[in-house]
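Structure at a glance
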Amino acid sequence: MQHQLNLKTTVACMLATGLLSSASVWAQEAAEKAEPTDTSTVVVTGVKASLIKSLAIKRTNDQVVESIVAEDIGKLPDNNVVEALQRVTGIQVTNRAGGEVGTLSIRGLPDLQTTWNGRSIFTASGTQVALQDIPSTLVRQIDVYKTRDASQLETGIAGQVDVKSLRPFDFKGPKFSLSARETYLDPAKKANPQLSAMLSNRWQTGVGEFGALVNLAATRTKYRNESVTPGAMVPFTSPNAAEVPAGYTPLQRIFDNKIWTPGTHAGLPMAEGSTLDFDGKAYPYYLARDAVFQSDVQGERKRPAANIALQWKPDSDSVYTFESMYNGYRNKSFNRLLFSFVDWWGDLGSNPAGTITTFPGTNVIKSRHVNNVYGFNSGDYTTSATDSRVYAVNGKWNLGDRLKLDGDLSYQSSSYHSEFTATRIDRVAPSIDVDFNAGGSNTAFHFNNDADLADPAKWNVAQFFDTANRNKGSAATANLSGVYDANWGALETIQFGVRFDDRKASEANRTQSGTLNRNLASLGPEYSSTNSNFGSDTSDVPRTWVEPNAYYIRDHIDDWRKLMNSTDTNFQTTDKLGLQKTFEIDEKTRNLFLMGNTQNELFGHRLRGNFGVRYVKVDTDMTFYKVDASTKAVTSSSASKSTSKLLPSMTLIYDASRDVVLRTNYGETLRRPNFGDLNPVLQLADDVSKVGYGSGSGGNPDLKPTRSKNLDLTAEWYFQKDSALYGTVFKRKIDGLVVNLRHKVHVDPANDPFRNSTSGGDHTNGYDYVINSPVNASNGTIKGAELGLIYFPKGLPSLLDGLGFQGSYTRLSSSQNVPDANDAGVIVAQLETPFFGVSRSSYNATLAYEKGPVSARLSYVWRSGFLASNEAALFANPIGIWRHPEKSVDFQISYKINENMSFDISGVNLTNELQQQYYHFGNAGNAQVSNFGTVQTGRSVSAGLHWKM
C-alpha cells in the first residue's frame, strides 16, 4: 500500500507538469487502478512554487525544455508572454518598443515553431504567431522546447514555444478569477488598463462529467517611441581648394560611381588621408552623413482576446475537448518624422575647412555647419488590425489496456489589414549645425532658428503617400497519434501518428502617391499638429516641430483624396480604390512518424530513451500577380513544387544517480521559406539617394526548406527538491540557409513605376535597379553552452528564509558563408559572417523572495552586442548594423491580502536603457565614428489587483 501511495504522489506531480513521458502514461494508469486519485491539478501560487513546478517539467520531460508556469490562475510573472520568456535559459530578446519586446530568439535563432496546446498557430500569411498578441492572463504555462523528437512538429530550427491555456478539468470544481492592472509607460506618460476574467465549472451528469470555461482579456496601451539617427556615410571632396580635383568644389559630395563603388562590405577607408582616383590622380576625400532624422511615434494599441473550453468525460477511458481562441490586435500610430539633408556643398563661405571637425586620425567628419539645407517633415499615420481564430476538437481514448489514441481536428484563420498614409511638408532651412556623435553615440543638431520648425507658414505641403495591405492565412489540420504498450523486452512502448495540414495564404496591396504644393498654413489650423518634449533623455536636438495632422487627414480621407485628385487626375479617390492580390499559396503537408521508447539498466541505473523518424511531404501551389506600371493590366503566373524529407531523432536519458540526469538528444528540423519570399514579382524603390540606380526585391519560387541537424548534451543535478543546477552544450549544423543575393537588372520603362508615362517620369529609357532576391546559398553552424541554476538555500535566518536565486548564462558562437555576387548575379566570393541577432554572451539573474503573504522578484537581463542586419548596399559606410549591448532591470512585489485577493507592483526597464546601433564590418567602423541611431524605449511601472474564488 505504501508503494501505491508513493506511486500516486509521483504521478500527481507528473500530471501537474502537463508533460508525461510515454513510459509515465502507463504508470499513471496503474496508479489509477490501484487507488482513486484526485482529478484536480496542483494549484501553483507564488514565485517559488512556480519555479519548483518548472523544474518538475524539466526533469520529467524527455526533451531539453524550459518552462514558465503561472503563479496563480491567469497570473504569469510578467505583463506579456515575451517579457516572461526573457529570463528563460538560452532566450534572447530585443527590439523593445511601444512598451513591449518585439523579437525573441532561442539560442540566437528567431525561427520558432509557435503552438497553442500543441497545435501550430500563425498570424495572417506568416509562419509563426506574434507571441506578444497572446495576453499573459490567458496562459497557464509556456514550454520552450530546445530539442524535439519524432512525435513533435518538424518546423522551427530554433525550437518550439508551446503556449498552454486553461481548461475546466484543470480545476476540482467551480473557479472564478478577476484581474485588473494599470501600467504607466514612459516616455508616453500614459496609464494603460488591462482587464481579464475567467469562469470555470464542472458537473457530474447521467452521461458523464462536463466542464466549461470562459476566459476573457482586454488590454490598451498608449505608447511613445523616440529615436534620433544620423544618415548613411557618403564621400566628399577635401575642404581645402588645393586638394580638390578639377570640376569639383570644396566639400562637394561625390556621386560618380566610376570613382567609388557604393555598398562594399567594409565601406570606404576611414583613415586620415585616404584617397580616391580621379582620372588617374589621387585626391583625398572625407566621409560624412547624408542626413539626420528623428522619429516621434505616438500610438495606441488594443488587444482583445478570449478562450473557451468545453470538456466531456463520458467514462474513465475517454475525454473530449472543444476549445476556441480569439486574438485581436488594433493599432493606430502617428509617426512624426523630421528629416534634413546635411550633404549640401554650396555657399560654404571663404573657409570650408572651418565648417567641419573630424574624429582624430580619421577622414570622418564629426561635426559640420551646412547652409541652405533641404528637409522635410512627414506625418505618417498607420492603422492595422489582426483577427485570429482557432477552433479545435480533441478526443483521447484508452482502447483496452495497451493502446491509447489521441485525435485532433482544428481550423484556424487569421487576417491582417493595414493602411498607411504619409503627408510630407518641406522647406529649405538657412542653416543647420550638426554633431554626428556629441557623446554616448548620440547625434545632436539645431537649425539657425528651431522655432521655424513649428511654424506652419514656413512649410509647403509636398508629397502624399497612400498605401494599404491585406494578408490572410488559414489552415485545416487533422492529427491522429497513439501509444502502444508493446512491452517487448527493452522496447516498452511504440508511438505513432499521422498528420495532414492544408495551409492557405494570400497577400494583397495597393499604393499611390501625389503632390499638392500648398502652404501648410493655407489649409487651416486643423491640418497642423505640433509635438512637444521630444528626446529629453537622448540628445540635444529640437524638441518640437509641426506636422500635417495625420489624425484629421485620416478622419477626412475622402475629402483629402479629392483634393489630391484635383492636382493630379491619376490620383484615385476613395470610391476608385481597391486592393490587388500579389500572391496566393496553397501548401499541403503530410506527416508520418514512428518512435520507440526503451528502458534498460546501465551500471545499475536506469537508461531510457526514444528512437524515431518523421516523414514530411509538402506540396505547394503558387499563383503570382503582376500589375503593369503603365496600363495597370494584371497578369498572373503560377508555379508548383514538392519536397519531402525524412527526419530521424534520438534521445537517451541516463539517471546517473538519484539526483543526476544526463541527456543526449539528436534531431533534425526544418525551416520552410516565408510565403512572401516565394513571390518573384519585383518590388522597386526609387533612387532617392541619387547614387545612379534604384533598389528593389523579388522572391524566388524555387526556394527549398532549410535543414538543421541538432545535437545536445545535457547534465542536470537536482540537489534539493526545490533547487537544481543544469548545463547544456549544443551544436546546430544548418544547410540551405536563405540569404539575399544582389544582381543588377535593367527595368523596361513600361514596368518602371517611377519613370513611366503615368508617373510623369522620363519614359524614353529604362533604368537600372539592384535587386535583392532570396536564394538557398548559405550554410552555417551555431554552437554554444548554457548554464542554469535555481537555488533556495536552507537554514537562512528567519527574515531571509524564503530567499532564492534563478539565473542562467549562455555562450554562443555562429558563422555562415554569405555569397557575394557581381552585377550579373554570379557568385564571385564567399564571406564568413556571424548570424544576425546572435549575442556571444547573455545572462540573467533573479533574486526571488517568498515569505508569508509577500512574494518578490528582482531581475537583471543582459546580452552582448550583436549584428542586427545589413545596410542597403548604396553607401560608403560598413554594411553591417551592430547593436550595442542591451540590458533590463525588472522588479515585482506581490502581497497576498487573503486567500482570495492579492496585490502587486512591477516595473520593467527601470534604469531607462537606450537601444543603440553602429556601422561595422570586419575591422571597419566602430561605435564612435560610425554610430547609427539611438532609440528611447522607456520604462514601465504596473500595479495590479487579482481576485479569485
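Every value quoted in this text rests on a predicted model; they were computed, and no experiment measured them. (Residues numbered from 1 in each chain as written. Predicted model: local features only at pLDDT ≥ 70, side-chain atom pairs only at ≥ 80, totals over all residues. Heavy atoms only, no water.)

Notes on the overall build of the protein
- Each helix and strand counted, the protein has 6 helices and 43 strands in total.
- Relative to a compact globule of 949 residues, whose C-alpha radius of gyration would be 30 Å, the protein shows 30 Å and is just as compact.
- Considering the protein as a whole, with its 949 residues, one finds that 54% of them fall into the buried category.
- Long-range contacts, defined here as pairs at least 24 residues apart, represent 73% of the contacts in the protein between residues at least 6 apart. (Helix = DSSP H or I, 4+ residues; strand = E, 2+ residues; numbered from the N terminus. Rg over C-alpha atoms; globule rule 2.2 N^0.38 Å. Buried < 20%, exposed > 50% of the residue type's maximum accessible area, 1.4 Å probe, protein only. Contact = heavy atoms within 4.5 Å.)

Looking at the pattern of salt bridges
- Evaluated as defined, the whole model comprises 50 salt bridges.
- A salt bridge links Arg181 to Asp904, with the shortest nitrogen-to-oxygen separation between them at 2.9 Å. Taken as a pair, Arg181 in strand 8 (residues 175-185) and Asp904 in strand 40 (residues 901-908) lie far apart in primary sequence, 723 residues in all.
- Exposure remark for Arg181: the relative accessible area of 16% places this residue in the buried category.
- Judged by its relative accessible area of 1%, Asp904 falls in the buried class.
- As a salt-bridge pair, Lys189 and Asp186 come within 3.1 Å of each other at their nearest N and O atoms.
- In this structure Lys189 comes out as exposed when scored by relative accessible area, which is 53%.
- When its relative accessible area of 13% is taken as the criterion, Asp186 is described as buried.
- Look at the salt bridges and you will find they share partners, linking Lys58, Glu66, Arg107, Lys146, Asp712, Arg732 and Glu786 into a network. (Salt bridge = Lys/Arg side-chain N within 4 Å of Asp/Glu carboxyl O.)

Here's the deal with the environment of Thr589
- Secondary-structure assignment places Thr589 in strand 24 (residues 580-602).
- Accessibility expressed as a relative area gives 1% for Thr589, which makes it buried.
- A C-alpha to C-alpha distance of 8.0 Å links Thr589 and Arg503, two positions 86 residues apart in sequence.
- Not counting chain neighbours up to four residues away, the residues in contact with Thr589 comprise Glu154, Arg499, Phe500, Asp501, Val616, Lys617, Val618 and Arg672.

Things to note about the packing of aromatic side chains
- Evaluated as defined, the whole model comprises 26 aromatic pairs.
- Residues Phe341 and Tyr374 carry aromatic rings whose centres are separated by 6.3 Å and whose planes lie at 25° to one another, so their mutual orientation is stacked. You can see Phe341 sitting in strand 15 (residues 318-341) and its partner Tyr374 sitting in strand 17 (residues 365-399), a full 33 residues away along the chain.
- Judged by its relative accessible area of 23%, Phe341 falls in the partly exposed class.
- One aromatic cluster is present, formed by Phe293, Phe339, Phe341, Tyr374 and Phe376 through successive ring pairs.
- Its end group placed over the ring of Tyr726, Lys58 keeps NZ or CZ at 4.4 Å from the ring centre.
- Above the face of the Phe122 ring, Arg503 is positioned so that its terminal group lies 3.5 Å from the ring centre. (Phe/Tyr/Trp six-rings, centres within 6.5 Å; stacked < 30°, edge-to-face > 60°. Lys NZ or Arg CZ within 6 Å of the ring centre and 35° of its normal.)

Some thoughts on the confidence of the model for the protein
- When pLDDT is averaged along the protein, the result is 90, and 93% of the positions lie at 70 or above.
- The model gives residues 1-44 a pLDDT under 50, and that stretch makes 71 contacts with residues more than four places away or in other chains. (pLDDT = per-residue confidence, 0-100.)

A word on the side chain of Asn597
- Secondary-structure assignment places Asn597 in strand 24.
- In terms of polar contacts, Asn597 uses its side chain to reach the side chain of Gln495, at 2.9 Å. (Polar contact = N/O pair within 3.5 Å; in protein donor to acceptor, adjacent residues only side chain to side chain.)

Re the sheet that holds strand 12 (residues 275-278)
- Within the open sheet, the 3 strands sit side by side as 11-13-12. Their pairing is antiparallel. Sheet topology places strand 11 (233-237) and strand 12 at the edges, where each strand pairs with a single neighbour. Here the strands of the sheet are splayed against their neighbours by 50° on average, with no regard to which way each runs.
- Here 4 bridges tie strand 12 to strand 13 (residues 281-289), and the two strands are oriented antiparallel to one another. Its bridge partner being in strand 13, Phe278 is matched across the sheet by Lys281. (Pairing = 2+ DSSP bridges. Axes fitted to C-alpha atoms, helices over the stretch in contact; angles between N-to-C directions.)

Thoughts on the pairing of strand 18 (residues 403-435)
- In the sheet, strand 17 pairs with strand 18 via 32 bridges, with the strands oriented antiparallel. Bridge pairing in strand 18 places Phe376 opposite Asp426.
- Between strand 17 and strand 18, which follow one another and run antiparallel, lie 3 residues, and Gly400 among them has a positive phi close to 75°.
- Of the pairings in the sheet, the one linking strand 18 to strand 20 (residues 460-488) comprises 23 bridges and is antiparallel in character. Paired with Gly407 across the bridge in strand 20 is Leu480.
- Pairing geometry for strand 18 and strand 19 (residues 444-447), over 4 bridges, is antiparallel. Paired with Ile432 across the bridge in strand 19 is Phe447.

Describing the sheet that holds strand 4 (residues 112-116)
- Taking strand neighbours across the sheet as the criterion, the 5 strands line up as 1-6-7-4-5 in an open arrangement whose pairing is mixed. Here the strands that pair on one side only, and so sit at the sheet edges, are strand 1 (65-69) and strand 5 (119-120).
- Where strand 4 lies against strand 5, 2 bridges are found, and the strand directions are antiparallel. Bridge assignment links Trp116 to a residue of strand 5, and that residue is Arg119.
- Contacts from helix 3 (residues 47-60) reach strand 1 and strand 6 (139-145), with the element oriented near 150° to strand 1.

Regarding the nonpolar core
- By size, the foremost hydrophobic cluster in this structure holds 46 residues, and its most contacted members are Ile432, Phe445, Phe447 and Trp560.
- Going through the elements one at a time, strand 11, strand 13, strand 17, strand 18, strand 19, strand 20 and helix 6 (557-567) are the ones with two or more residues in this core.
- The biggest single contributor to this core is strand 18, with 4 residues.
- Counting 36 residues, the second-largest nonpolar core is a separate cluster that includes Ile68, Val88, Phe730 and Phe835. (Core = buried A, V, L, I, M, F, W, Y, C linked by side-chain atoms within 4.5 Å.)

Thoughts on helix 3
- Here helix 3 contains 14 residues, and its C-alpha end-to-end distance of 20 Å stays within 8% of the 20 Å for a straight helix at 1.5 Å per residue.
- Taken together, the buried positions of helix 3 are Val47, Ser50, Leu51, Lys53, Ser54, Leu55, Ile57, Lys58 and Thr60. (Expected span 1.5 Å × (residues − 1).)

Notes on a nonpolar patch on the surface
- A cluster of nonpolar side chains, namely Tyr184, Leu847, Leu858, Phe891, Ile893, Tyr895, Ile897, Phe903, Ile905, Leu910, Val941 and Leu945, defines an oily patch on the protein surface of about 970 Å² accessible area.
- Elements with a contribution of two residues or more to the nonpolar patch: strand 39 (886-896), strand 40 and strand 43 (940-948).
- If one sorts the elements of the nonpolar patch by residue count, strand 39 sits on top with 3 residues.
- With respect to the helices and strands, Leu910 occurs in the loop between strand 40 and strand 41 (914-919).
- What makes Leu910 partly exposed here is its relative accessible area of 32%. (Patch = residues over 30% accessible without salt bridge, like charges linked within 9 Å, V, L, I, M, F, W, Y side chains within 5 Å. Areas by Shrake-Rupley, 256 points an atom, 1.4 Å probe, with all protein chains shown as cover.)

Observations regarding the environment of Pro701
- Relative to the elements of secondary structure, Pro701 occurs in the loop between strand 29 (694-697) and strand 30 (706-720).
- Residue class for Pro701 comes out buried when judged on its relative accessible area of 16%.
- Spatially, the C-alpha atom of Pro701 lies 9.6 Å from that of Gly676, the residues being 25 residues apart in sequence.

Structural notes on helix 6
- Buried within helix 6 we find Ile557, Trp560, Arg561 and Met564. Summarising the axial view, the buried residues of helix 6 lie within an arc of 100°, below the 170-degree limit, and thus occupy one face. Along helix 6, the residues that are exposed and aim more than 90 degrees away from the buried face are Lys562 and Ser566.
- Buried residues along helix 6 sit against strand 18, strand 20, strand 21 (491-519) and helix 5 (550-555). (Arc of directions from axis to C-beta.)

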